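Observations on the three-dimensional arrangement
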Amino acid sequence: QVQLVESGGGLVQPGGSLRLSCAASGFTFSTYAMRWYRQAPGKQRELVAQITRYGTTNYADSVKGRFTISRDNAKNTVNLQMNSLKPEDTAVYYCNVLYFRDYWGQGTQVTVSS
C-alpha cells in the first residue's frame, strides 16, 4: 500500500531555514510527480511545490525563490528546502502523490515565530 511519511518540521525564527523530507513506498516512486501542500489554521490546503518524474519543478508564487523541491529516486524521497521563512509560512505541510487517487502523509508542523 502507498505510504508517505513526512519529517523535518519544527519551530524556527523568521528568516530561518528548515528541510522537510517525505519517504515514499508502495508505488514506483521514480515514475510519479510528487507534491508538497500546506494548510494553515482556518485556511484551505494549498499547493506549495511539485516536481515531475523528469525533475521539472513548479512553485506557488508565495514561496518562489525561497523554497526548493527536490527528489532522490534512489532513496524514494522528496525534499522541501525552505529558506527565509516567514510567519505566514506557518502551517502543517503534507506530502502528496496522485497514484490512481490522492495519497497524503500525516503532515508535519512548521511554525515560524520569534
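To be clear, the structure that these remarks concern was listed above.
Residues numbered from 1 in each chain as written. Predicted model: local features only at pLDDT ≥ 70, side-chain atom pairs only at ≥ 80, totals over all residues. Heavy atoms only, no water.

Bringing the nonpolar core into the picture now. Ranked by internal contacts, the top residues of the largest apolar core, which has 30 residues, are L4, M34, W36, V78, L80, M82 and Y93. Every element with two or more residues in this core is listed here: β3 (18-25), β4 (34-39), β5 (46-51), β7 (67-72), β8 (77-82), β9 (91-99) and β11 (108-112). Residues contacting M82, with those up to four places away along its chain left out, are G16, S17, L18, L20, R66, F67, Y93 and V110. (Core = buried A, V, L, I, M, F, W, Y, C linked by side-chain atoms within 4.5 Å. Buried < 20%, exposed > 50% of the residue type's maximum accessible area, 1.4 Å probe, protein only. Helix = DSSP H or I, 4+ residues; strand = E, 2+ residues; numbered from the N terminus. Contact = heavy atoms within 4.5 Å.)

What follows deals with the state of the cysteines. By definition, a disulfide is the covalent link that joins the sulfur atoms of two cysteine residues. Enumeration according to the criterion identifies 1 disulfide in this entry. The side chain of C22 participates in a disulfide bridge whose partner is C95; the two sulfur atoms lie 2.2 Å from each other. The chirality of the disulfide connecting C22 with C95 is left-handed, given an S-S dihedral of about -80°. Of this pair, C22 sits in strand β3 while C95 sits in strand β9, placing them 73 residues apart in sequence. (Disulfide = S-S within 2.5 Å.)

One pass over the full model with this rule turns up 4 salt bridges. Notably, a salt bridge pairs D89 with R38, separated by 2.9 Å at the nearest N-O pair. Within this pair, whereas D89 is found in the loop between β8 and β9, its partner R38 is found in strand β4, the two being separated by 51 residues in sequence. One exposure class covers both D89 and R38, and it is buried. Residue K64 is joined to D61 by a salt bridge in which the shortest nitrogen-to-oxygen separation is 3.2 Å. (Salt bridge = Lys/Arg side-chain N within 4 Å of Asp/Glu carboxyl O.)

Our next topic: the sheet that holds β3. Across the sheet, which stays open at both edges, the 4 strands sit in the order β1-β3-β8-β7 with antiparallel pairing between neighbours. Lying at the two open borders of the sheet, with one neighbouring strand each, are β1 (3-7) and β7. Each neighbouring strand pair of the sheet contributes to a mean axis angle of 15°, computed without reference to strand direction. Where β3 and β8 come together, 6 bridges link them in antiparallel fashion. Across the sheet, S21 pairs through a bridge with N79, a residue of β8. (Pairing = 2+ DSSP bridges. Axes fitted to C-alpha atoms, helices over the stretch in contact; angles between N-to-C directions.)

Tallying each qualifying case throughout the model produces 8 aromatic pairs. Considering the side-chain rings of Y37 and W104, the 4.9 Å spacing of their centres and the 70° angle between planes classify their relative orientation as edge-to-face. Taken together, the residues span a long stretch of sequence, with Y37 in strand β4 and W104 in strand β10 (residues 101-104) at a distance of 67 residues. Both rings, one in Y94 and one in W104, keep their centres 6.4 Å apart while their planes meet at 85°; by these two values the pair is edge-to-face. Taken together, the positions of Y94 in strand β9 and W104 in strand β10 put the pair 10 residues apart, joining distant regions of the chain. Accessibility expressed as a relative area gives 14% for Y94, which makes it buried. (Phe/Tyr/Trp six-rings, centres within 6.5 Å; stacked < 30°, edge-to-face > 60°.)

Nothing here speaks to function; it is all geometry.
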